[in-house]
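# Descriptive structure summary
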Amino acid sequence: MAAAKKEKELLLLDFWVSPFGQRCRIAMAEKGLEFEYREEDLGNKSDLLLRSNPVHRKIPVLLHAGRPVCESLVILQYLDDAFPDTPHLLPPANSSSGDADAAYARATARFWADYVDKKLYDCGSRLWRLKGEPQAAARREMVEILRTLEAELGYREFFGGGGGRLGFVDVALVPFTAWFYSYERCGGFSVEEVAPRLAAWARRCGRIDSVAKHLPSPEKVYDFVGVLKKKYGVE
Amino acid sequence: MVVGAEGGDELKLLGVWDSPYVNRVQVVLNLKGVSYEYVEEDLMDKSDLLLGSNPVHKKVPVLIHNGKPIAESRVILEYLEEAFAAGAGGSTGASVLPDDPYKRAVARFWAAYVDDKVGSPWYTILFAREREEKVEAAARAISALETIEAGAFRDRSSEGKTTNAASAPFFGGDSIGFVDVVLGSYLGWFRVIEKMIGVRIMDAARTPRLAAWAERFEAADAVRGVLPVDVDKLIDFLQAFLH
């Protein structure tokens, strides 16, 4: 009885190619949390999705014992807060008196995850949706974004969580690595050339179980971009 | 400008007086009773300190704590929450986020919603060239407030012992919380927008609970003196900035 209940405790409403959903899958895998994955048909959203996220009507939505949590970065922080005995995504806060150093490390992680949210998805969309000069502008912007992220990574193996483990920023960013190939094809540039250390980081992440299990192949993503382009009449 | 901070901490806030994103940080600093040095930036001539502290976005607010910069207003708020928890750095221990993980998630969700659905239109209203764009953006902001009135008010925390969620004065319950400071930071500009384009964004006829909340928020000690209230001064500042 207890095992069956546990299975139903975490339910993720998601869509296979969504990088925001993949963040949640990878986070739960890193934390060793069992969850039920439910694929939504975005053209025919389930009642459960619409009831759970009436404000945005978007995936991912995490239901924990029936209560919905929405917005991927909010979900990631919720997983840290609600499951404190699992591996942390954010560097742990000092619980006793608010250690400023720990708080600073957390603020840095939040800042960079926010940077990924603000910049990457939107610029990537412009890369495949636009042509001519606007597309070229998107490519220049994408190169700058990748280089900025690479500069933040520095010579570290991962952005956060020492000891070969993925941290908050890694989990926030890694799903977009499955889109690098599509960005390269649409934008006419090479991630390896413009940001080699970031490309190495992406390969390193790809060897981690939770990532390998939950990210689609770059080719599948590119096929999906092809479908989107057709749908939006982009040639 | 308040000089000096408690216990050897050096705290500096780079801002502009009329930015909602700066104001919300000031409110939380007030709530926590933490003293800091405020530095008014000229956005047309940004200081080396600002550009060096926030090279990625080059924007205010930036909080500099013992020489270490933190940028992005909601990131700063969470930092203050953690670095100035109960008693640390001479703070009052006032908290803007609830302890319960689910309630924290709800607060973060609504704060992100406010900046996305109220903040983006606010920006458009101020900086779009065509009046039509401004009016359309105002309609989107109003729609967002209606969603907040219906949704976030229902989601209000009830951390307090005596009040229940339905009658809690603030989104944070008995005391001002995360969603309060994020949404409240736009209130000064709503009056300006009404004068600029004749659209009332915060309207008691449309969102009565929010309108009452707005009055309570603006009357709070930590808020008075922070939000810009001189409508004409704001309009003049905006005109100067645009030209």
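Presented here is an overview of the structure given in this document. Because the structure is predicted, anything quoted here is derived from the model rather than measured.

Here we take up helix H1 (residues 20-31) of chain B. All names here are of chain B. Given a rise of 1.5 Å per residue, 12 residues ought to cover 16 Å, and the 16 Å separating the end C-alpha atoms of H1 matches this to within 8%. Along H1, 9 of the 12 residues are buried, which leaves the element largely enclosed by surrounding structure. Among all positions of H1, only Pro20, Val22, Asn23, Arg24, Val25, Gln26, Val27, Val28 and Leu29 are buried. Packed against the buried residues of H1 are strand S1 (11-15), strand S2 (37-40), helix H3 (73-83), helix H4 (101-127), helix H6 (178-184) and helix H7 (187-197). Regarding H1, its N-cap is Ser19, as a side-chain oxygen of that residue lies 3.1 Å from the backbone nitrogen of Tyr21 further along. Of the residues trailing H1, Gly33 is marked for its positive phi of about 65°.

On to the state of the cysteines, then. All names here are of chain A. On inspection of all chains with the given rule, the structure shows 0 disulfides over all chains. The closest cysteine sulfur to the non-disulfide-bonded Cys123 is located on Cys186, 12 Å from its own sulfur. For Cys123, a relative accessible area of 0% translates into the label buried.

Let's shift gears to the nonpolar core. One broad trend across soluble globular proteins is that nonpolar side chains are buried collectively. Of all hydrophobic cores here, the largest spans 160 residues; its most connected members are Trp201 of chain A together with Ile148 and Trp213 of chain B. With residues up to four places along the chain from it excluded, the contact list for Trp213 of chain B reads Phe153, Pro169, Phe170, Phe171, Asp180, Leu183, Gly184, Leu187 and Met202 of chain B.

Glancing now at empty space enclosed by the protein. Residues and elements named next belong to chain A. Across all of its chains, the model carries 1 cavity of 30 Å³ or more by this definition. Estimates place the volume of the largest cavity at around 30 Å³. Lining of the largest cavity is provided by Tyr121, Gly124, Ser125, Trp128, Trp179 and Tyr183. Here the lining of the largest cavity takes 4 residues from helix H5 (residues 100-129), the largest share from any one element. Class assignment for the residues of the lining of the largest cavity results in 4 nonpolar, 2 polar and no charged.

Residue and element names in this part refer to chain A. Note that strand S1 (residues 10-14) and strand S2 (residues 36-39) share 4 bridges and pair parallel. Within the sheet, the bridge partner assigned to Leu13 lies in S2 and is Arg38. Read as a crossover between parallel neighbours, the route from S1 over helix H2 (residues 19-30) to S2 is right-handed.

Residues and elements named next belong to chain B. Relative to strand S4 (residues 68-71), strand S3 (residues 62-65) runs antiparallel, the two sharing 4 bridges. Considered in S4, the bridge of Val62 is made with Ala71. Hairpin connection from S3 to S4: 2 residues lie between these consecutive antiparallel strands, with Asn66 at a positive phi of about 50°.

Residue and element names in this part refer to chain B. On the basis of which strands lie adjacent, the open sheet formed by 4 strands has the order S2-S1-S3-S4 and mixed pairing. Either end of the sheet is taken by a strand with one partner, and the two such strands are S2 and S4. Taking each pair of neighbouring strands and ignoring which way they run, the sheet shows an average axis angle of 20°. Its contacts with the sheet put H1 on S1 and S2, and the angle it makes with S1 is roughly 155°. Here H3 sits on the sheet in contact with S3 and S4, set at roughly 125° to S4.

Our next topic: the sheet that holds S2 of chain A. Residues and elements named next belong to chain A. Reading across the sheet, the 4 strands line up as S2-S1-S3-S4 and stay open at both edges, with mixed pairing between neighbours. Because the sheet does not close on itself, it has two edges, and the strands there are S2 and strand S4 (67-70). For this sheet the average axis-to-axis angle between neighbouring strands, irrespective of direction, equals 25°. Where H2 meets the sheet, it contacts S1, S2 and strand S3 (61-64), and its direction lies at approximately 155° from that of S1.

All names here are of chain B. Its location among the elements puts Asp115 in helix H4. Residue classification places Asp115 among the buried residues on the basis of a relative accessible area of 12%. A distance of 2.8 Å separates a polar atom in the side chain of Asp115 from a polar atom in the side chain of Arg74. The contacts of Asp115, once residues within four sequence positions are left out, are Tyr21, Arg24, Arg74, Ser120, Val182 and Tyr186.

Rules behind the numbers
- Residues numbered from 1 in each chain as written.
- Chains lettered and ligands numbered in written order.
- Predicted model: local features only at pLDDT ≥ 70, side-chain atom pairs only at ≥ 80, totals over all residues.
- Heavy atoms only, no water.
- Helix = DSSP H or I, 4+ residues; strand = E, 2+ residues; numbered from the N terminus.
- Expected span 1.5 Å × (residues − 1).
- Buried < 20%, exposed > 50% of the residue type's maximum accessible area, 1.4 Å probe, protein only.
- Contact = heavy atoms within 4.5 Å.
- Polar contact = N/O pair within 3.5 Å; in protein donor to acceptor, adjacent residues only side chain to side chain.
- Disulfide = S-S within 2.5 Å.
- Core = buried A, V, L, I, M, F, W, Y, C linked by side-chain atoms within 4.5 Å.
- 1 Å grid on protein atoms, 1.4 Å probe; cavity = no way out; pocket = protein on both sides within 12 Å on 5 of 7 lines; lining within 4 Å.
- Points joined across faces, edges and corners; volume = space filled by probe spheres on them.
- Nonpolar A, V, L, I, M, F, W, Y, C, P; charged D, E, K, R; others polar.
- Pairing = 2+ DSSP bridges.
- Right-handed = clockwise from strand over helix to strand, strands pointing away.
- Axes fitted to C-alpha atoms, helices over the stretch in contact; angles between N-to-C directions.

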